[in-house]
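What follows is the residue order along each chain.
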Amino acid sequence: MAVPAEVRPVSTAPPDADELRRRVEEFLTAHDPAALDPLEFLRARFDAGLAWVHYPEGLGGLGAPRALQPAVDAAFARAGAPGNQPERNGIGLGMAAPTILAAGTDEQRARFLRPLWTGEEIWCQLFSEPGAGSDLAALGTRAVRDGDAWIVNGQKVWTSMAHEARWALLVTRTDPGVPKHRGMTYFVCDMTAPGVEVRPLRQITGEAEFNEVFLTDVRIPDAHRLGAVGDGWRVSTTTLMNERVAIGGAAVPREGGMIGVVARLWRDRPELRTPGLHDALLRLWVEAEAARLTGVRLRQALAAGEPGPEGSAAKLAFARLNQEISGLELEMLGDEGLRHDDWTMRRPAEVDFTRRSPGYRYLRAKGNSIEGGTSEILRNIIAERVLGLPGEIRVDKDVAWKDLPK
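This one's a predicted model, so the numbers in the text were calculated from it and none came from an experiment.

*Asks:* Please explain the packing of helix H1 (residues 17–30) against helix H3 (residues 69–78) as it appears in this structure.
*Replies:* Packed helices, taken two at a time, are described by the angle their axes make and the gap between the axes. Relative to each other, H1 and H3 sit at 25°, their axes nearing to 10 Å. Between H1 and H3, the angle falls in the class roughly parallel. Between H1 and H3 the crossing geometry is right-handed. On H3, the residues touching Leu20, Val24, Phe27 and Leu28 of H1 are Val72, Ala75 and Phe76. A breakdown of the residues in the contact of H1 with H3 according to their chemical character gives seven nonpolar, no polar and no charged.

What follows is the structure, given as structure tokens:
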């Protein structure tokens, strides 16, 4: 697979909005979306620096302000340009790419970022474990050095897209003799490597978009390590901060998402209306709009720097609102809302709330307060890192991981 031969230095004069507009127009003149193969078009767009414009030159960007990205995307959409299917590779685009950019070597960035952005290679995230619960730092998957490689053994769970992924973000335990946050190391794992086994996890919806992954003597080259040995917690934090922004801070129009579904139901089915339901709908509409505007502010702050703990608040609000709004929809529909459209065992490539039945939405929303960081953990982050409240007492803070109760 072709990758850029070298990483060019960041321009000393980042392009402004007018310059980006000119570059997009010139690119579209030279690359007709209707005539080119979609993958060929996406590769050329990446190489022109018009993929994610705030990334460095040679890595799909031009070192431009991040705030200019929506205008570039809109210009390509108006021209009928092919998309890179972010709904299939949300983990890659929202989590893997910024982590590789922040912690990867030049060789890793050149190898992984281009096929990630074009959608040629799908990514998943091997973080959660059955024995660690919500405490990522308690993970026990072991990586043992073996020359210029590492031998990995363990089990991961709740892994979205593992059944389609080519690569995975993997965090492991490399030193059990130090406190849990200090003995972790972060890798890129080849999901086609010998010893990687993916098993579906059937959910309450009947589908299996999640998986459990068993790692048995999986050999990972040291060249696929992200960050220093023992620095896995810091690299993981980069991933998690971006994950919560990706889940809770996505750009949506007014009445986008779940609140739009219920608002349309209210307008289309006047026979369902009651004064109590009217009050409940108005309250949730206002809260959804407040969350949407907060997301706008979050993305503006993100354009000026790296994501911070504020993303945890956005993700927390997203989970609560999805659950309350889907519950209100069922309350409005009564018996009609209890029907589940399909209990077929499938392994979908994306999660779509808006085009499914009310029963599906209600059941699937239950997972929103678990995936991407449980709501309980997010409340701790908000309390301690945003509000500055005293931290919880942690008796395991200075205890070696091997000495912790298992």
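*Asks:* Looking at this structure, I do not really get the side chain of Lys180. What am I missing?
*Replies:* With respect to the helices and strands, Lys180 occurs in the loop between strand S4 (167–173) and strand S5 (184–190). Assessed through its relative accessible area of 6%, Lys180 is described here as buried. Within the local environment of Lys180, its side chain forms a polar contact with the side chain of Asp135, the two groups lying 2.5 Å apart. Side-chain polar atoms of Lys180 contact the side chain of Asp396, separated by 2.6 Å. Contact partners of Lys180, with chain neighbours within four places excluded, come to Asp135, Ala137, Ala138, Arg173, Asp396, Val399, Trp401 and Leu404.

*Asks:* Any chance you could explain the state of the cysteines here in plain terms?
*Replies:* Should the sulfur atoms of two cysteines be covalently bonded, the bond is a disulfide. Under the definition given, this model contains zero disulfides. Cysteine Cys124 shares no disulfide, and the gap to the nearest cysteine sulfur, in Cys189, comes to 7.8 Å. For Cys124, a relative accessible area of 0% puts it in the buried group. Exposure remark for Cys189: the relative accessible area of 0% places this residue in the buried category.

*Asks:* Would you mind going over the environment of Ala349 with me for this structure?
*Replies:* With respect to the helices and strands, the residue Ala349 is situated in the loop between helix H9 (310–333) and helix H10 (358–365). Between the C-alpha atom of Ala349 and that of Ser160, which follows or precedes it by 189 residues, the distance is 8.8 Å. Those residues in contact with Ala349, other than ones at most four positions away along the chain, are Glu87, Arg88, Met161 and Glu164.

Rules used in this analysis
Residues numbered from 1 in each chain as written. Predicted model: local features only at pLDDT ≥ 70, side-chain atom pairs only at ≥ 80, totals over all residues. Heavy atoms only, no water. Axes fitted to C-alpha atoms, helices over the stretch in contact; angles between N-to-C directions. Helix = DSSP H or I, 4+ residues; strand = E, 2+ residues; numbered from the N terminus. Parallel < 35°, antiparallel > 145°, perpendicular 65-115°, else oblique. Left-handed = near helix turned anticlockwise from the far one by under 90°. Contact = heavy atoms within 4.5 Å. Nonpolar A, V, L, I, M, F, W, Y, C, P; charged D, E, K, R; others polar. Buried < 20%, exposed > 50% of the residue type's maximum accessible area, 1.4 Å probe, protein only. Polar contact = N/O pair within 3.5 Å; in protein donor to acceptor, adjacent residues only side chain to side chain. Disulfide = S-S within 2.5 Å.

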